[in-house]
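# Coordinate inspection notes
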Amino acid sequence: MDREIVKDGSGNYLKISGDTRETYSDRVFFYQEIQGFLPLEIRWINGKKEYFYDISGKLSLKEYLNQNDFTLHDIQLLFEQIFTMAECLEEYLLDSRGLMVQEELLYIDPVTGECQGIYQEEEKQEAADSVGHLLEFIMEKMNQKDRNLVFFVYEMHKLTRGAGCTRGMLRNYASSYGERVWEKKEDRSLPVPKKTEYLPKDRKRTDRYITIRGCLLPGMVLAAGIALPIILWWMGMFRLPLSGNTDWVRAAGAAAFFLAASGYGVWRVMPGKDGKNSDRMIYHSEDRQMKRVCLIPQAGSGVPVPIPQFPYRLEIGKGDKPDPDYMRIIQEAGNVLVVDEESDQGIFHNNRRLVPWKEMPLRDGDILRFNDNEFVVEITQPEYVI
């Protein structure tokens, strides 16, 4: 696809050479402007058509990302506009694969941030491939210290490489990522789940506890309601004055009274009736937080390896066995742990080989080495989990 930038007195234009036939998409774009796409003029020269897209006052995405610092929100907004363009094409019965998702063919208005694209029916791109290539370009330009952005880009890129990836899957991922990541803000207090409280920092318990009132007190009340009638009968409180036999009417009445009273007492002290008597599950604060982990390559052309969830099995290549070797990364009680699942070449933690199937704690800045690749372990701010 031949293209060039043409400047004249009326503005700047992107010129793309076409073939000799008129297509349905040419007529659609010639007679109307479609939201999200650059204004188009088609000129026929020597029997061949040329597309002229008005790019006055706009920057290509490549230029825009080179000149500006961008955040996770900016990239999410970019992909939301791209996916909206594809859906708009389908409303006009056009093949959405003709949308050119390339950093040099997407244009940004630097004032409004609006993204506009072009459509080329002859040049079809699969959504996963085109988005994957665009993400690779973003990887080169993004701030590697912005952990939210790094995780988003690399996880989305990994999704594009998976079998059966569709535009719908990518859009759902991009739109829901912000809902899965809690970002701490100055004007936002940490939400506390209902019926949950945290132990003080000086207490080391990490297991769940149930308060004494929530378990023992109801049992004690019920036991008292059963035991008191028996004790009164043994003391002779229900004997008839002349015969000495048991007055079963009085005994049954007293038993029913004590059982009813104890039943009411049990109901009153059961969990959930009020704030004071509630049976509360207590967690250590670290049990409710998931730290973020990323493996940063030390040298070479490798890319960071974000750990999207826990537990996570990371394939580290094949040894002499037919099946690949794996390394498992988990979190327990706020601690990040690594496990070598009997890999042939072994996994080295700070130059010491891990014992297979034995958990080894990881700290921020530790070195992991496997298959001649060396990574720095980066553990960042915990993510709050409700």
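As shown above, the structure is provided for reference.
Residues numbered from 1 in each chain as written. Predicted model: local features only at pLDDT ≥ 70, side-chain atom pairs only at ≥ 80, totals over all residues. Heavy atoms only, no water.

## Examining the overall build of the protein chain
Along its length, the protein chain carries eight helices and 19 strands. In the protein chain, which comprises 386 residues, the share counted as buried stands at 38%. Once local pairs closer than 6 in sequence are excluded, the contacts in the protein chain between residues at least 24 apart make up 59%. For the protein chain, the exposed surface amounts to about 22,800 Å²; the carbon and sulfur share of it is 52%. (Helix = DSSP H or I, 4+ residues; strand = E, 2+ residues; numbered from the N terminus. Buried < 20%, exposed > 50% of the residue type's maximum accessible area, 1.4 Å probe, protein only. Contact = heavy atoms within 4.5 Å. Areas by Shrake-Rupley, 256 points an atom, 1.4 Å probe, with all protein chains shown as cover.)

## As for the environment of Pro229
Its location among the elements puts Pro229 in helix α7 (residues 212-234). Taking C-alpha positions, Pro229 is 9.7 Å from Gly253, a pair spaced 24 residues apart along the chain.

## Comments concerning the nonpolar core
Formed by 57 residues in total, the largest nonpolar core has its most connected members in Phe79, Ile138, Phe152 and Met156. Take this core: its biggest share by element is 10 residues, from helix α3 (residues 72-91). Sequence-distant contacts of Met156, that is, excluding residues within four places in its chain, are made with Phe79, Phe83, Val131, Leu135, Leu170, Tyr173 and Ala174. If you look at the next biggest cluster of nonpolar residues, it comprises 18 residues, including Val293, Leu314, Ile329 and Phe370. (Core = buried A, V, L, I, M, F, W, Y, C linked by side-chain atoms within 4.5 Å.)

## Re the pairing of strand β1 (residues 3-8)
Examined bridge by bridge, β1 and strand β2 (residues 11-17) share six bridges and lie antiparallel to one another. In the strand pairing of β2, Glu4 is matched with Lys15. Connecting β1 to the antiparallel partner β2 that follows it, the hairpin turn spans two residues. (Pairing = 2+ DSSP bridges.)

## Overview of the side chain of His157
Among the secondary structure elements, His157 is positioned in helix α5 (residues 147-160). The class for His157 is buried, based on a relative accessible area of 15%.

## A word on the sheet that holds strand β6 (residues 107-108)
Pairing is antiparallel across the open sheet formed by three strands, whose spatial order is β5-β6-β7. Two strands close off the open sheet at either side, each with one partner strand: β5 (59-60) and β7 (115-116). Strand direction decides the pairing type here: β5 and β6, joined by two bridges, are antiparallel. In the sheet register, Leu59 faces β6, and the bridge partner there is Ile108.

## Observations regarding the packing of α3 against helix α4 (residues 127-141)
Their axes nearest at 13 Å, the elements α3 and α4 cross at an angle of 160°. Of the possible angle classes, the one that applies to α3 and α4 is roughly antiparallel. Our pair here, α3 against α4, has a crossing hand that is right-handed. On the side of α3, the interface is formed by Ile75, Leu78, Phe79, Ile82 and Phe83, while α4 contributes Val131, Leu134, Leu135 and Ile138. (Axes fitted to C-alpha atoms, helices over the stretch in contact; angles between N-to-C directions. Parallel < 35°, antiparallel > 145°, perpendicular 65-115°, else oblique. Left-handed = near helix turned anticlockwise from the far one by under 90°.)

## So, the pattern of salt bridges
Overall, the coordinates contain 15 salt bridges when judged by the stated rule. Two residues, Glu4 and Lys15, come together in a salt bridge whose shortest N-O distance is 2.8 Å. You can see Glu4 sitting in strand β1 and its partner Lys15 sitting in strand β2, a full 11 residues away along the chain. By relative accessible area, which is 41% here, Glu4 ends up partly exposed. On the basis of relative accessibility, which here comes to 16%, the residue Lys15 falls in the buried class. Residue Glu122 pairs with Lys49 through a salt bridge whose shortest N-O separation is 3.6 Å. Here Glu122 is found in the loop between β7 and α4, whereas its partner Lys49 is found in strand β4 (residues 48-54), with 73 residues between them in sequence. Glu122 sits in the partly exposed class, given a relative accessible area of 30%. Exposure remark for Lys49: the relative accessible area of 0% places this residue in the buried category. Within this structure, Asp26, Lys49 and Glu122 form a network of salt bridges that share partners. (Salt bridge = Lys/Arg side-chain N within 4 Å of Asp/Glu carboxyl O.)

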